[in-house]
Amino acid sequence: MPTEVPSLHAAYANTFKIGAAVHTRMLQSEGDFIAKHFNSITAENQMKFEEIHPEEDRYTFEAADTIVDFAVAQGIGVRGHTLVWHNQTSKWVFEDTSGAPASRELLLSRLKQHIDTVVGRYKGQIYAWDVVNEAVEDKTDLFMRDTKWLELVGEDYLLQAFSMAHEADPNALLFYNDYNETDPVKREKIYNLVRSLLDKGAPVHGIGLQGHWNIHGPSIEEIRMAIERYASLDVQLHVTELDMSVFRYEDRRTDLTAPTSEMVELQERRYEEIFNLFREYKSSITSVTFWGVADNYTWLDHFPVRGRKNWPFVFDQQLQPKESFWRIINPMS
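Keep in mind the model is a prediction, meaning the values are calculated, not measured. (Residues numbered from 1 in each chain as written. Predicted model: local features only at pLDDT ≥ 70, side-chain atom pairs only at ≥ 80, totals over all residues. Heavy atoms only, no water.)

## What to know about the overall build of the protein chain
Assigned secondary structure in the protein chain consists of 11 helices and nine strands. The globule rule puts the C-alpha radius of gyration for 333 residues at 20 Å, and the 20 Å found for the protein chain is close to it. Seen through its principal axes, the protein chain has C-alpha atoms that stretch 65 × 45 × 40 Å. With 333 residues in all, the protein chain has 56% of them scored as buried. Summarising the internal contacts of the protein chain: among those between residues at least 6 apart in sequence, 75% fall at separations of at least 24. Of the accessible surface of the protein chain, which amounts to about 14200 Å², a share of 47% is contributed by carbon and sulfur atoms. In the protein chain, which carries 34 positive and 51 negative side-chain charges, the distance between the mean positions of the two groups comes to 1 Å. (Helix = DSSP H or I, 4+ residues; strand = E, 2+ residues; numbered from the N terminus. Rg over C-alpha atoms; globule rule 2.2 N^0.38 Å. Buried < 20%, exposed > 50% of the residue type's maximum accessible area, 1.4 Å probe, protein only. Contact = heavy atoms within 4.5 Å. Areas by Shrake-Rupley, 256 points an atom, 1.4 Å probe, with all protein chains shown as cover. Lys, Arg positive; Asp, Glu negative; His and termini not counted. Charge placed at Lys NZ, Arg CZ, Asp CG, Glu CD.)

## Description of the pairing of strand S2 (residues 40-43)
Within a regular strand, the side chains alternate between the two sheet faces. Every second residue of S2 is oriented toward a common face, with Ser-40 and Thr-42 on one face and Ile-41 and Ala-43 on the other, all of them buried. Bridging between strand S1 (residues 17-22) and S2 involves four bridges; their strand directions are parallel. Bridge pairing in S2 links Ala-21 to Thr-42. Taking the sense of rotation as the criterion, the β-α-β connection linking S1, helix H2 (residues 24-37) and S2 turns out right-handed. Sheet topology places S2 next to strand S3 (residues 77-84); three bridges connect them, and they run parallel. Note that in S3 the partner of Ser-40 across the bridge is Gly-77. (Pairing = 2+ DSSP bridges. Right-handed = clockwise from strand over helix to strand, strands pointing away.)

## Some thoughts on the packing of helix H8 (residues 184-199) against helix H9 (residues 220-231)
Between H8 and H9, the shortest axis-to-axis distance is 10 Å and the interhelical angle comes to 15°. One way to sum up the angle between H8 and H9 is to call them roughly parallel. When the axes of H8 and H9 are compared, the crossing they make is right-handed. Where H8 abuts H9, its residues Arg-187, Glu-188, Ile-190 and Tyr-191 lie against Met-225, Ala-226, Arg-229 and Tyr-230. Of the residues belonging to the contact of H8 with H9, the class tally is five nonpolar, no polar and three charged. (Axes fitted to C-alpha atoms, helices over the stretch in contact; angles between N-to-C directions. Parallel < 35°, antiparallel > 145°, perpendicular 65-115°, else oblique. Left-handed = near helix turned anticlockwise from the far one by under 90°. Nonpolar A, V, L, I, M, F, W, Y, C, P; charged D, E, K, R; others polar.)

## Here's the deal with the side chain of Ser-287
Looking at where Ser-287 falls in the secondary structure, it is placed in strand S9 (residues 285-290). The exposure class of Ser-287 is buried, given its relative accessible area of 0%. Looking at Ser-287, its side chain comes within polar contact range of the side chain of Tyr-127, at 3.4 Å. If sequence neighbours within four positions are ignored, Ser-287 has contacts with Phe-16, Lys-17, Ser-40, Arg-79, Tyr-127, Leu-237, His-238 and Val-239. (Polar contact = N/O pair within 3.5 Å; in protein donor to acceptor, adjacent residues only side chain to side chain.)

## With respect to helix H7 (residues 157-168)
Between its first and last C-alpha, H7 extends 16 Å over 12 residues, near the 16 Å set by a 1.5 Å rise per residue. Regarding H7, the residues found buried are Tyr-157, Leu-158, Ala-161, Phe-162, Met-164, Ala-165 and Ala-168. For H7, the buried positions fall inside an angular range of 165° around the axis, keeping them on one side. Elements that come into contact with the buried residues of H7 comprise S3, helix H5 (104-121), strand S4 (128-133), helix H6 (148-153), strand S5 (173-178) and H8. (Expected span 1.5 Å × (residues − 1). Arc of directions from axis to C-beta.)

## With respect to the nonpolar core
Note that soluble globular proteins tend to have their nonpolar side chains buried in a common cluster. Formed by 104 residues in total, the largest nonpolar core has its most connected members in Leu-8, Phe-275, Phe-278 and Phe-290. Excluding its chain neighbours within four sequence positions, the residues that come into contact with Leu-8 are Ile-18, Lys-36, His-37, Phe-38, Phe-290, Val-314, Phe-315, Phe-325, Ile-328 and Ile-329. (Core = buried A, V, L, I, M, F, W, Y, C linked by side-chain atoms within 4.5 Å.)

## Quick word on the packing of H9 against helix H10 (residues 261-280)
The N-to-C vectors of H9 and H10 enclose an angle of 25°; their axes lie 11 Å apart at closest approach. When the interaxial angle is binned, H9 and H10 end up roughly parallel. Seen from above, H9 lies across H10 with right-handed handedness. On H10, the residues that touch Ile-220, Ile-223, Arg-224 and Ile-227 of H9 are Arg-270, Glu-273, Ile-274, Leu-277, Phe-278 and Glu-280. Class assignment of the residues belonging to the contact of H9 with H10 gives a composition of six nonpolar, no polar and four charged.

## Topic: the environment of Gln-236
Relative to the assigned elements, Gln-236 resides in strand S8 (residues 236-245). In this structure, the C-alpha to C-alpha distance between Gln-236 and Val-204, residues 32 residues apart in sequence, is 9.4 Å. Here Gln-236 is in contact with Leu-173, Phe-175, His-205, Gly-206, Ile-207, Ser-284 and Thr-286, once residues within four sequence places are set aside.

## Regarding H9
Counted at 1.5 Å a residue, the expected span for H9 with its 12 residues is 16 Å, and the 16 Å between its end C-alpha atoms agrees. Here H9 has its buried residues at Ile-223, Ala-226, Ile-227 and Tyr-230. Down the axis of H9, the sector holding all buried residues measures 100°, keeping them to one side. Summarising the contacts, the buried residues of H9 are in contact with H8, strand S6 (206-209), strand S7 (212-214), S8, H10 and S9.

Right, dumping it as structure tokens:
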């Protein structure tokens, strides 16, 4: 007889939430599967600024409402993603009616109206928001990413955004979210940014470690050092966008129709080691979200090599558990 597949989130019920990034089409075809294995979901794209607020006087809440309604009906938590980002933000946000750059006052008023409307709509239904996404620069010699938010508002745009989000829903957990979070140089920038916000009284409740990793790196020690550094700020940590690419970022090969045995073995080992590490820091890590559900769909199929298949999750293309699933389940049994 086939082995009954246990619920992934139930196995971690006393450890941290287990989440997945979803879109509305997924809920139609994979809703039961998602409800079985995940007790937190994030809209992959459908709550981003350009998706939900494409024109100044028009909001498009249909997709976001579908996701939130599904979650509420299933007793699943929702992470909101994201309020302030340099990408996927409508062009009109940064311009006045003449097409010139928006003033600081105009841009802040638009941000407040957006946050009041979006966060307010889902008040009490979304337990955490990625308030600001990717504001730190990757280049070693720069601190803040050069964005329209920074150019038109100034460095305090983060403080403003967190304050507005807290006012809109005082009970939601508010996160700063970023990638390359284990790189020692960028790690210190993220640490210093959040520390400075906290010193100014900003309502920052946590740091989101995106976790777009691969089977070769970062090392467990690098991840551990990042967790400990961020946790020293006495904030919650969420792993927000976890996937385990079978390719290094710089690898541009396109010849594979399935992962090699070496890739499979490395992925299994990496998932086991990383979840062992997460459990070790469960007092700080309160949610771990995969940036997708299963290998049938992942943004990595189109990035950094468009059209190249990737197999980054613990469920395969048929929604069946891979050996990596059993590796992260068994220690919890």
